Amino acid sequence: MIIVHGIHKLSDILDKIMEVVIVFMLGAMVVITGAQIVCRIFFTSLAWSEEATRYLLIWSTLLGAGCVYKHAGHISISIVQDILPDKAKDVLQIVIHGLCGFLFVLIMYYGIQYFGRQGKQLSPAMRLPMRYIYTCIPIGCGIMAFHALDAVIQSFLHLLGKEEA
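Remember, predicted model here, so these are calculated numbers, not experimental data.

A.B. asks: Explain the overall build of the protein chain to me, and be specific about the residues and the numbers.
C.D. replies: Along its length, the protein chain carries six helices and zero strands. If you list the helices and strands of the protein chain from N to C, you get α-α-α-α-α-α. Computed over the C-alpha atoms, the radius of gyration of the protein chain is 20 Å, more than 25% above the 15 Å expected from 2.2 N^0.38 for a compact globule of 165 residues. Along the three orthogonal principal directions, the C-alpha set of the protein chain runs to about 65 × 35 × 35 Å. Taken across its 165 residues, the protein chain has 34% of its residues classed as buried. Taking contacts inside the protein chain between residues at least 6 apart in sequence as the whole, the part at least 24 apart equals 74%. A total of about 10500 Å² of accessible surface is found on the protein chain, and carbon and sulfur atoms cover 73% of it.

Rendered as C-alpha cells:
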C-alpha cells in the first residue's frame, strides 16, 4: 500500500510541477510574441521569435496533455459508462486507462526512436538541436503513462471498495 500511495503522491507532485512549467512556457510565449511585435514596428523583426514560440507551444501542448489527462479533462463520450452499474464502471475505467497507458507507452517508444533518427538536425533560425524539441514526445507521453498507471490503481482500489491512496 505504501507503493500505491507513493505512486499517487508522485503523480500529484508531477502534475503540479507540470502546471508551473506550462504557465512559465505560456508566459514566455506571450513575452516573445510581444517583443516580436514591438521589434517589427520600431526596429527589425526577430528572426528566432516565431520558431521559439512554436517550440514552446509544442512542449506546452504535450506537457499540458498530461495535466488534462490527470484531471479527466479530455473530451469523452460517456453514454455507455453512464448506463452501467458502479462496479462495471470501475472495470471499464480500468480497461480505458490501461489501453490509454499502453498507447502512451507505444508513442513514447516510437518517440524515442524518432528522436534517435532526427535528433542531430538543427532548427533553421535558432540553430537549436531538434533533439530538444523531439524529446517532448517521450517525456509528455511518459508523464501521461504514469498518470494512466495511477488512474488504473485508483480505479482498482475503488472497485475493491478500499480507500483512495
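A.B. asks: Any chance you could break down a nonpolar patch on the surface for me, citing the residues and the numbers?
C.D. replies: Taken together, the side chains of Phe102, Leu103, Leu106, Ile107, Tyr109 and Tyr110 present a nonpolar region at the surface, about 600 Å² in accessible area. Counting through the fold element by element, Leu106 comes out in helix α4 (residues 86-118). Note on Leu106: relative accessible area 35%, which makes it partly exposed.

A.B. asks: How would you explain the pattern of salt bridges if you had to name every residue and give the values?
C.D. replies: This structure, assessed with the given rule, holds four salt bridges. Glu50 is the partner of Arg54 in a salt bridge, and the nearest nitrogen-oxygen pair spans 3.3 Å. Of this pair, Arg54 and Glu50 are both found in helix α2 (residues 49-70), four residues apart, which corresponds to roughly one turn of the helix. Across the salt bridge formed by Asp150 and Lys70, the nearest N and O atoms sit 3.1 Å from each other. Placement of the pair is Asp150 in helix α6 (residues 136-160) and Lys70 in helix α2, with a sequence separation of 80 residues.

A.B. asks: Give a description of the layout of surface pockets that names residues and reports values.
C.D. replies: Space inside the largest pocket adds up to approximately 640 Å³. Counting residues per element, the ones that place at least two in the lining of the largest pocket are α1 (2-42), α2, α3 (79-83), α4 and α6. In terms of residue class, the lining of the largest pocket is made up of ten nonpolar, eleven polar and three charged.

A.B. asks: How would you summarise the packing of α1 against α2 if you had to cite specific residues and measurements?
C.D. replies: As a packed pair, α1 and α2 sit with axes 9 Å apart at the nearest point and diverge in direction by 155°. If you check the angle between α1 and α2, you find them roughly antiparallel. For the pair α1 and α2, the sense of crossing is left-handed. In terms of residue class, the contact of α1 with α2 is built from 14 nonpolar, eight polar and four charged.

A.B. asks: Could you give an account of the side chain of Asp150, with specific residues and numbers?
C.D. replies: Asp150 sits in the buried class, given a relative accessible area of 3%. Apart from the residues lying within four places of it in its own chain, the contact partners of Asp150 are Ile7, His8, Ser11 and Lys70.

A.B. asks: Requested: an account of the nonpolar core, with residues and values cited.
C.D. replies: Core analysis: the biggest nonpolar cluster contains 13 residues, and Met18, Met25, Leu56, Trp59 and Leu63 have the highest contact counts within it. Every element with two or more residues in this core is listed here: α1, α2 and α6. Looking at this core, the element that brings in the most residues is α1, giving six residues. Among residues more than four places away in sequence, those in contact with Met25 are Leu56, Trp59, Ser60 and Leu63. Residues Ala65, Phe104, Ala145 and Ala148 belong to the second largest nonpolar core, which totals seven residues.

Cut-offs applied
- Residues numbered from 1 in each chain as written.
- Predicted model: local features only at pLDDT ≥ 70, side-chain atom pairs only at ≥ 80, totals over all residues.
- Heavy atoms only, no water.
- Helix = DSSP H or I, 4+ residues; strand = E, 2+ residues; numbered from the N terminus.
- Rg over C-alpha atoms; globule rule 2.2 N^0.38 Å.
- Buried < 20%, exposed > 50% of the residue type's maximum accessible area, 1.4 Å probe, protein only.
- Contact = heavy atoms within 4.5 Å.
- Areas by Shrake-Rupley, 256 points an atom, 1.4 Å probe, with all protein chains shown as cover.
- Patch = residues over 30% accessible without salt bridge, like charges linked within 9 Å, V, L, I, M, F, W, Y side chains within 5 Å.
- Salt bridge = Lys/Arg side-chain N within 4 Å of Asp/Glu carboxyl O.
- 1 Å grid on protein atoms, 1.4 Å probe; cavity = no way out; pocket = protein on both sides within 12 Å on 5 of 7 lines; lining within 4 Å.
- Points joined across faces, edges and corners; volume = space filled by probe spheres on them.
- Nonpolar A, V, L, I, M, F, W, Y, C, P; charged D, E, K, R; others polar.
- Axes fitted to C-alpha atoms, helices over the stretch in contact; angles between N-to-C directions.
- Parallel < 35°, antiparallel > 145°, perpendicular 65-115°, else oblique.
- Left-handed = near helix turned anticlockwise from the far one by under 90°.
- Core = buried A, V, L, I, M, F, W, Y, C linked by side-chain atoms within 4.5 Å.

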